[in-house]
There are 4 protein chains.
Amino acid sequence: MIHETEIKVRFAETDALGHVNNTNFFVYMEVARIEFFEKLDTSMSINKWPFIVASAKCDFIEQTFFNQTLIIETTLSRIGSKSFTLTHRMKDKETGKTVAKGEVVIVHFNFEAQQSEVIPPKMREVLEQYLISVA
Amino acid sequence: MIHETEIKVRFAETDALGHVNNTNFFVYMEVARIEFFEKLDTSMSINKWPFIVASAKCDFIEQTFFNQTLIIETTLSRIGSKSFTLTHRMKDKETGKTVAKGEVVIVHFNFEAQQSEVIPPKMREVLEQYLISVA
Amino acid sequence: MIHETEIKVRFAETDALGHVNNTNFFVYMEVARIEFFEKLDTSMSINKWPFIVASAKCDFIEQTFFNQTLIIETTLSRIGSKSFTLTHRMKDKETGKTVAKGEVVIVHFNFEAQQSEVIPPKMREVLEQYLISVA
Amino acid sequence: MIHETEIKVRFAETDALGHVNNTNFFVYMEVARIEFFEKLDTSMSINKWPFIVASAKCDFIEQTFFNQTLIIETTLSRIGSKSFTLTHRMKDKETGKTVAKGEVVIVHFNFEAQQSEVIPPKMREVLEQYLISVA
């Protein structure tokens, strides 16, 4: 399965080179990721937030511009015992062309105890539905 | 007295019109404001943060560009019983030319009780040093 | 007439006080404003962008939080010869409660000539439809 | 050689989890990168900007908080014919502890022709001074 998020590029996200500043793709991925998280834990709130970003990466393939609408496809490429890797393909809504590809490693984290925790079975079950074999 | 803050415009703060996006001046004012707050309450921490923004305003006088260095002069134009008004003049460091003028109303706020509180005498004393009579 | 824009608060827009950082309301108003601009000039592109922000103001009425959905109602409170004033009421989508009120002065601007220009009749005609008498 | 950039965490860069939102580390790396670029081409201006980001990555090692001062050490881990890889180590200024590590692939790019270009000898010479053998 693929989770889809739609983002319309804001003017404030462009820079003086006329295109979307690279740093905003990490904001787009966060929007997609949090939508995805809502599927994993319906009891989730800021006071009991169970995830932390361990690593984030983005490959920029095409320049993106103001007012462009992007679709972010979110899937999983890996599930570990305490962490998983989200894969984001960002494409232009109209043409379907890939503009960027991202990968974010998420750790299941207990902010109160300040330590990582094993992914519970119910969460793992949902995660597995989005796991894509790259073979 | 005037509190001075130096800011160098970041590339990510520009937009496709080639200048600094207007929304970033509110970030600059926040940087200046928080530096100023540190003079008001040395025991200040996020867990005991005593201020909330009630209103923010900025007049944009000159366009500002990437790599420009700005000086933000912070003074006060008003002290009330539970709030005060900070006045920010943002000028180009090199030429001294004013590029923007801002005004921010700050309420002395108790986040735990979720209500405004009277400004304590010690804080008022420091505030008065930055009060500028516009007469 | 009222132009409506829907915004869902992003996590990256919150701050360590747990609420939406005040500076982001200016981003929200920019999103609403640009949607509104599209009604004024269908030939608008970044290369021929005809507007510049002269002043922006926001009153913060209620704290706003992550994942909250806001409706931004955009109307006009003033049309001058070369500028106009947009008024934004931001309200919680669910409760209808006003969370912030903004006002932005826009100048009809020629970036090539770097000077303000009279609002053309056709643009004025559309603007007048959104003019609200405050009487 | 190592290029050093000092960044003080802004309040607007924190999020509701109380720490610096991950997306801001990419802004910090951009600040460091652009300072570094100024050593490569003194004639650089927005109108003749010669670089584009092909890929950006960041590993988050320690949570970072409001008002913390970071030192970003910038070096190079690779120089190709048309691109190079910048490596950023972000550390707490006071303790020296590494809080994040980043890697950004930069392409020497001609925005007018919209294509990558070979790195000129003079630029390569400066780059080589920052090349760190990981052996």
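Bear in mind the structure is a predicted one, so any value in this text is a computation, not a measurement.

J.: So, the interface of chain B and chain D: which residues are in play, and what are the values?
T.: On the side of chain D, 15 residues touch chain B, which itself brings 15 residues to the contact. Here chain B and chain D share two salt bridges between them. Along the contact surface separating chain B from chain D lie six residue pairs in polar contact (both at pLDDT 80 or more). Top contributing element to the side of chain B that touches chain D by residue count: helix α1 (residues 24-40) of chain B, with six residues. Per-class residue counts for the side of chain B that touches chain D are 10 nonpolar, one polar and four charged.

J.: Any details on the relation of the copies chain A and chain D? Residues and values, ideally.
T.: Expressed as a screw transformation, the operator carrying chain A onto chain D has a rotation angle of 180 degrees and an axial translation of 0.0 Å, and the superposed copies differ by an RMSD of 0.0 Å. One copy is carried onto the other by what is essentially a two-fold rotation axis. Considering only C-alpha atoms, the part of chain A nearest the rotation axis is A:Lys57, at 2.1 Å. Here 100% of the interface residues in chain A have copies in chain D that are interface residues too; the copies meet face to matching face.

J.: Quick one: what's the story with the packing of helix α1 (residues 24-40) of chain A against helix α2 (residues 121-129) of chain A, residue by residue and with numbers?
T.: Helices that pack against each other are described as a pair by the angle of their axes relative to one another and the distance between those axes. Residue and element names in this part refer to chain A. For the pair α1 and α2, interaxial distance at closest approach is 9 Å and the crossing angle is 125 degrees. On the basis of the axis angle, α1 is oblique to α2. The segment α1 lies against α2, with Phe36, Lys39 and Leu40 engaging Met123, Val126 and Leu127. Here the residues of the contact of α1 with α2 are counted per class, giving five nonpolar, no polar and one charged.

J.: Pulling in residues and values, what's your account of α1(A)?
T.: Between its first and last C-alpha atoms α1(A) spans 25 Å; for 17 residues at 1.5 Å apiece the expected length is 24 Å, and the two agree. Along α1(A), 14 of the 17 residues are buried, which leaves the element largely enclosed by surrounding structure.

J.: How would you explain the pattern of salt bridges if you had to name every residue and give the values?
T.: Under the definition given, this model contains 28 salt bridges over all chains. Across the pair A:Glu73 and A:Lys91 runs a salt bridge, and its minimum N-O distance is 2.8 Å. Of this pair, A:Glu73 sits in strand β3 (residues 69-79) while A:Lys91 sits in strand β4 (residues 83-92), and the two are 18 residues apart along the sequence. The same class applies to A:Glu73 as to A:Lys91, namely buried. D:Glu30 is the salt-bridge partner of D:Arg33, the closest N and O atoms lying 3.6 Å from each other. Of the two residues, D:Arg33 and D:Glu30 both sit in helix α1 (residues 24-40), three residues apart, roughly one turn of that helix. According to the relative accessible area criterion, D:Glu30 is buried, its value standing at 4%.

J.: Which residues make up the nonpolar core, and what are the values?
T.: One finds A:Phe37, A:Phe84, D:Phe37 and D:Phe84 to be the most contacted residues of the largest nonpolar core, which totals 86 residues. If we ignore the near neighbours within four places in the chain, the residues touching A:Phe84 are A:Phe37, A:Leu40, A:Phe51, A:Leu76, A:Arg78, A:Ile79, A:Val104, A:Val105, A:Ile106, A:Ile119 and A:Leu127.

J.: Any chance you could break down unusual backbone geometry for me, citing the residues and the numbers?
T.: Residue and element names in this part refer to chain C. Even without glycine at this site, Asn67 takes up a positive phi of about 75 degrees. Structurally, the position occupied by Asn67 is in the loop between β2 (51-60) and β3 (69-79). The exposure class of Asn67 is partly exposed, given its relative accessible area of 27%.

J.: If you had to explain the pairing of strand β3 (residues 69-79) of chain B to someone new, which residues and values would you point to?
T.: Most of β3(B) sits out of view: nine of its 11 residues are buried. Linkage of β3(B) to strand β4 (residues 83-92) of chain B, two consecutive antiparallel strands, is achieved through a turn of three residues.

J.: Quick one: what's the story with the state of the cysteines, residue by residue and with numbers?
T.: Taken as a whole, this structure holds zero disulfides over all chains when the rule is applied. Here C:Cys58 is not cross-linked by a disulfide; its sulfur's nearest cysteine counterpart is in B:Cys58, at 13 Å.

J.: Outline the pairing of strand β2 (residues 51-60) of chain A, listing residues and values.
T.: The element β2(A) is largely enclosed, with a buried count of seven among its 10 residues. Pairing of β2(A) with strand β5 (residues 98-110) of chain A, which is carried by nine bridges, proceeds in the antiparallel orientation. When the bridges of β5(A) are listed, A:Ile52 appears paired with A:Val107. Summarising the sheet, β2(A) and strand β2 (residues 51-60) of chain D pair through five bridges and their orientation is antiparallel. Residue pairing across strands places A:Lys57 opposite D:Lys57, the latter belonging to β2(D).

J.: Describe the packing of aromatic side chains, with residues and values.
T.: Tallied over the entire structure, the rule returns 46 aromatic pairs over all chains. Look at B:Phe36 and B:Tyr130: their rings are 4.9 Å apart centre to centre, the planes differ by 85 degrees, and that puts the pair in the edge-to-face class. Separated by 94 residues along the polypeptide, B:Phe36 in helix α1 and B:Tyr130 in the segment after α2 (121-129) bring together distant segments of the chain. Both residues of the pair, B:Phe36 and B:Tyr130, belong to the buried class. Ring centres 5.9 Å apart and planes at 85 degrees place the aromatic pair D:Phe51 and D:Phe84 in the edge-to-face group. With D:Phe51 in strand β2 and D:Phe84 in strand β4 (residues 83-92), this pair connects stretches of sequence that are 33 residues apart.

Thresholds applied
- Residues numbered from 1 in each chain as written.
- Chains lettered and ligands numbered in written order.
- Predicted model: local features only at pLDDT ≥ 70, side-chain atom pairs only at ≥ 80, totals over all residues.
- Heavy atoms only, no water.
- Contact = heavy atoms within 4.5 Å.
- Salt bridge = Lys/Arg side-chain N within 4 Å of Asp/Glu carboxyl O.
- Polar contact = N/O pair within 3.5 Å; in protein donor to acceptor, adjacent residues only side chain to side chain.
- Helix = DSSP H or I, 4+ residues; strand = E, 2+ residues; numbered from the N terminus.
- Nonpolar A, V, L, I, M, F, W, Y, C, P; charged D, E, K, R; others polar.
- Least-squares fit on C-alpha atoms with pLDDT ≥ 70 in both.
- Axes fitted to C-alpha atoms, helices over the stretch in contact; angles between N-to-C directions.
- Parallel < 35°, antiparallel > 145°, perpendicular 65-115°, else oblique.
- Expected span 1.5 Å × (residues − 1).
- Buried < 20%, exposed > 50% of the residue type's maximum accessible area, 1.4 Å probe, protein only.
- Core = buried A, V, L, I, M, F, W, Y, C linked by side-chain atoms within 4.5 Å.
- Pairing = 2+ DSSP bridges.
- Disulfide = S-S within 2.5 Å.
- Phe/Tyr/Trp six-rings, centres within 6.5 Å; stacked < 30°, edge-to-face > 60°.

In short, shape yes, function no, at least from these values alone.
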